[in-house]
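# A look at the structure
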Amino acid sequence: MGGTRYDISARLSRAEAAGYGKKSASEIFTQNALHRAHESMNPNGVIFREARDSEVHPNTVPIILGLDVTGSMGHIPHELIKDGLPKLMGGIIQGGVPDPALLFLGIGDHECDSYPLQVGQFESGDEELDMWLTRTYIEGGGGGNAGESYLLAWYFAAFHTKTDAFEKRGQKGLLFTVGDEPGLKKLPASAIKEIMGQGQQTYTHLELLAEAQKRYDVYHISVLHSGQAINADVEWKELLGQNCLSIEDHREIPNVIKKIICDKHKSSGLGRPVAGTDSLDNIEML
């Protein structure tokens with residue numbers, strides 16, 4: 001990462017040529033036809049994903065977005081590639097944060113799924129972010145075990161990321177998970193070893209949340225599209241308080257995230273208007 005910017009005009013042209021607004025999820029997310037995760041997103045053996053400053057982005061703001069890719073939530077990546085992602089990135093930049101670095105995670109169920117964790121790279125450019133998002137395997141799994149592995153996002157953020165924002169400036173990144181179920185409460189050492197290639201310790205969800213919160217402000221976006229999701233939202237609010245954000249329309253995800261990021265950086269005095277950014281209010285993919 002580091003050398004490219006998010007170019008709204010270039011992204012719109014490329015999206016039109018690729019047919020993002022017209023193609024089905026199976027046509028865009030080609031790993032689905034292969035029924036396996038892309039090798040570049042396999043976390044096994046990954047030591048760190050890094051968000052480093054560069055000449056182009058001297059004050060990187062690390063953002064992790066963990067997307068639930070189980071059966072009830074698999075449509076969210078499709079909506080993001082159609083028009084949500086440019087609204088998110090463009091909105092963050094337009095809102096005064098010129099150096100966002102976004103890392104996608106695909107989250108499943110470590111008790112049931114073949115690929116409970118998929119990991120991209122921290123990126124700032126439009127082409128690179130589209131690449132990682134569309135490489136995501138929407139496994140569509142999950143199970144009847146009353147939860148998904150959102151705690152894997154906390155584990156990965158805590159132990160497998162490094163950022164200049166924290167190491168050089170003492171600034172936390174932002175970590176968002178998006179889902180409609182409660183989180184599983186335990187991550188066994190055996191599951192970590194299977195997913196990551198090594199693992200000696202079992203963690204509770206509270207331990208992993210506390211570890212992630214040392215370097216990230218942690219949020220969860222509850223998508224309230226079912227009675228089960230509404231019940232899960234109660235549990236998330238007990239865990240995260242005001243950092244649990246509840247929405248009924250999944251298309252609001254970009255707006256919710258960009259508002260939090262921009263408000264945080266305005267309050268810290270770091271945010272500033274960015275000249276020359278096109279208005280994003282009416283972005284639609286062709």
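Our structure's up above, just so we're on the same page.
All values reported here derive from a predicted model rather than from experimental measurement. (Residues numbered from 1 in each chain as written. Predicted model: local features only at pLDDT ≥ 70, side-chain atom pairs only at ≥ 80, totals over all residues. Heavy atoms only, no water.)

## Brief notes about the pattern of salt bridges
The full count for this structure, using the stated rule, is 15 salt bridges. Across the pair R52 and E50 runs a salt bridge whose closest N-O atoms are separated by 2.8 Å. A residue is classified by how much of its surface remains accessible, and R52, at 24% relative accessible area, is partly exposed. D249 is the salt-bridge partner of R251, the closest N and O atoms lying 3.0 Å from each other. Residue class for R251 comes out exposed when judged on its relative accessible area of 58%. (Salt bridge = Lys/Arg side-chain N within 4 Å of Asp/Glu carboxyl O. Buried < 20%, exposed > 50% of the residue type's maximum accessible area, 1.4 Å probe, protein only.)

## Thoughts on helix α8 (residues 189–196)
Taken as a whole, α8 has its buried residues at A189, A191, I192, I195 and M196. One face of α8 carries all of its buried residues, which in axial projection span an arc of 160°. Opposite the buried face of α8, by more than 90 degrees, sit the exposed residues S190 and E194. Residues of α8 that are buried in the fold lie against β4 (117–119), α6 (151–159), β7 (186–187) and β8 (203–204). (Helix = DSSP H or I, 4+ residues; strand = E, 2+ residues; numbered from the N terminus. Arc of directions from axis to C-beta. Contact = heavy atoms within 4.5 Å.)

## A look at the environment of F122
Counting through the fold element by element, F122 comes out in the loop between β4 and α5 (126–135). We classify F122 as buried; its relative accessible area is 0%. Along the chain, F122 and E148 lie 26 residues apart, while their C-alpha atoms are 24 Å from each other.

## Concerning the sheet that holds strand β3 (residues 100–107)
Strand order in the open sheet formed by six strands is β4-β3-β2-β6-β9-β10, and the pairing between neighbours is mixed. The open sheet has two edge strands, β4 and β10 (244–247), and neither has a second partner. The average undirected angle you get between the axes of adjacent strands in this sheet is 20°. Examined bridge by bridge, strand β2 (residues 61–68) and strand β6 (residues 173–179) share five bridges and lie parallel to one another. Bridging across to β6, G66 finds its partner in T177. (Pairing = 2+ DSSP bridges. Axes fitted to C-alpha atoms, helices over the stretch in contact; angles between N-to-C directions.)

## Let's talk about the packing of aromatic side chains
Given two aromatic rings, their pairing is described by the distance between the two centres and the angle made by the two planes. Counted according to the given criterion, the structure contains seven aromatic pairs. For the pair Y150 and W236, a centre-to-centre distance of 5.5 Å together with 70° between the ring planes defines the contact as edge-to-face. With Y150 in the loop between α5 and α6 and W236 in helix α10 (residues 227–240), this residue pair connects regions lying 86 residues apart in the sequence. Both residues of the pair, Y150 and W236, count as buried. The interplanar angle of 35° and the centroid separation of 5.5 Å between the aromatic rings of F159 and Y203 together place this pair among those described as tilted. (Phe/Tyr/Trp six-rings, centres within 6.5 Å; stacked < 30°, edge-to-face > 60°.)

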